[in-house]
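Structural overview
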Amino acid sequence: MTDFSDDMTLHGLWQRDTAAFEPMPVEEVRRRASRLGDIVARRNRREYIAAAIVVAGFAVYAVVLPGLLFKLGSLLVIAGALFVSWQLTRRTSRPDPAAEATDIRSYYRARLVREEHMLSRVGRWYLAPLLPGLLLFMTAQALDDRYGMVGSTVLIGGPLLLFWAIWLLNRRGAAMLRRQIERIDRDPPVPAPEQGE
């Protein structure tokens, strides 16, 4: 039998916890907007470095590996990585000091909306452009008899599992951003405290 006595205690704590429902002060919005800018810049830097590594690695594969499928797959992966980098540059939110100075809440909300939109559609602009080249490359590996059936399954299943994990993590990130947007929409603006207070 399940003991639900502790559930009522948790329910009471939840009802008394008003911090999650209090309006967000302007300084907190400003701090969060600055932090979001730092997070986006670090993420973009990581993605560009990863794209450079992918391009360099598959360029070597295109030259060194024998067989047309390996070469075509490598070239398609390179094209996909360059397309993803371009899309990241195009889709990511950018700092705008003028907008930040006039209305920090609207500025922060607009950046959150742009990032949420980008993360929720990661399958289309980030994963899909890489799939044709990877599938062609993995097909070439599977047709190569040296890996066998189990090896080929692992070589194909591993990247597909990784893509699924990337998709799930980005969907989770988009949901977290949606909750932040909803909180901003729910909260009335709270003025910053006076300097003398």
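So, a few notes on the structure that sits alongside this text.

Scoring rules and cut-offs
Residues numbered from 1 in each chain as written. Predicted model: local features only at pLDDT ≥ 70, side-chain atom pairs only at ≥ 80, totals over all residues. Heavy atoms only, no water. Helix = DSSP H or I, 4+ residues; strand = E, 2+ residues; numbered from the N terminus. Expected span 1.5 Å × (residues − 1). Buried < 20%, exposed > 50% of the residue type's maximum accessible area, 1.4 Å probe, protein only. Salt bridge = Lys/Arg side-chain N within 4 Å of Asp/Glu carboxyl O. Axes fitted to C-alpha atoms, helices over the stretch in contact; angles between N-to-C directions. Parallel < 35°, antiparallel > 145°, perpendicular 65-115°, else oblique. Left-handed = near helix turned anticlockwise from the far one by under 90°. Contact = heavy atoms within 4.5 Å. 1 Å grid on protein atoms, 1.4 Å probe; cavity = no way out; pocket = protein on both sides within 12 Å on 5 of 7 lines; lining within 4 Å. Points joined across faces, edges and corners; volume = space filled by probe spheres on them. Nonpolar A, V, L, I, M, F, W, Y, C, P; charged D, E, K, R; others polar.

Some words on helix H5 (residues 104-120)
Counted at 1.5 Å a residue, the expected span for H5 with its 17 residues is 24 Å, and the 24 Å between its end C-alpha atoms agrees. Taken as a whole, H5 has its buried residues at Ile104, Arg105, Tyr107, Tyr108, Arg111, Leu112, Glu115, Glu116, Met118, Leu119 and Ser120.

Some points on the pattern of salt bridges
One pass over the full model with this rule turns up six salt bridges. The salt bridge partner of Arg178 is Glu116, with a shortest N-O separation of 2.5 Å. Of the two residues, Arg178 is situated in helix H8 (residues 148-186) and Glu116 in helix H5; the sequence distance between them amounts to 62 residues. Since its relative accessible area comes to 12%, Glu116 is described here as buried. Among the ionic contacts, a cluster of salt bridges with common partners joins Glu28, Arg31 and Arg32.

Thoughts on the packing of helix H3 (residues 68-91) against helix H7 (residues 131-143)
The geometry of H3 relative to H7 is characterised by a closest axis approach of 7 Å and an angle of 155 degrees between their N-to-C directions. What the angle tells us is that H3 and H7 run roughly antiparallel. For the pair H3 and H7, the sense of crossing is left-handed. Here H3 contributes Leu69, Phe70, Leu72, Gly73, Ser74, Leu76 and Val77 to the contact with H7, which in turn contributes Pro132, Gly133, Leu134, Leu136, Phe137, Ala140, Gln141 and Leu143.

A word on the layout of surface pockets
Estimates place the volume of the largest pocket at around 720 Å³. Within the residue set of the lining of the largest pocket, elements represented by two or more residues are helix H2 (26-64), H5, helix H6 (122-127) and H8. In terms of residues, the lining of the largest pocket owes the most to one element, H2, which gives 10 residues. Taken together, the residues that form the lining of the largest pocket break down as 14 nonpolar, three polar and nine charged. Ala50, Val54, Tyr126, Leu130 and Phe163 are, among the 18 residues lining the second largest pocket, the residues nearest its centre. Of all the elements in the fold, those that place two or more residues in the lining of the second largest pocket are H2, H3 and H8. Of the residues forming the lining of the second largest pocket, the biggest block, six residues, is contributed by H2.

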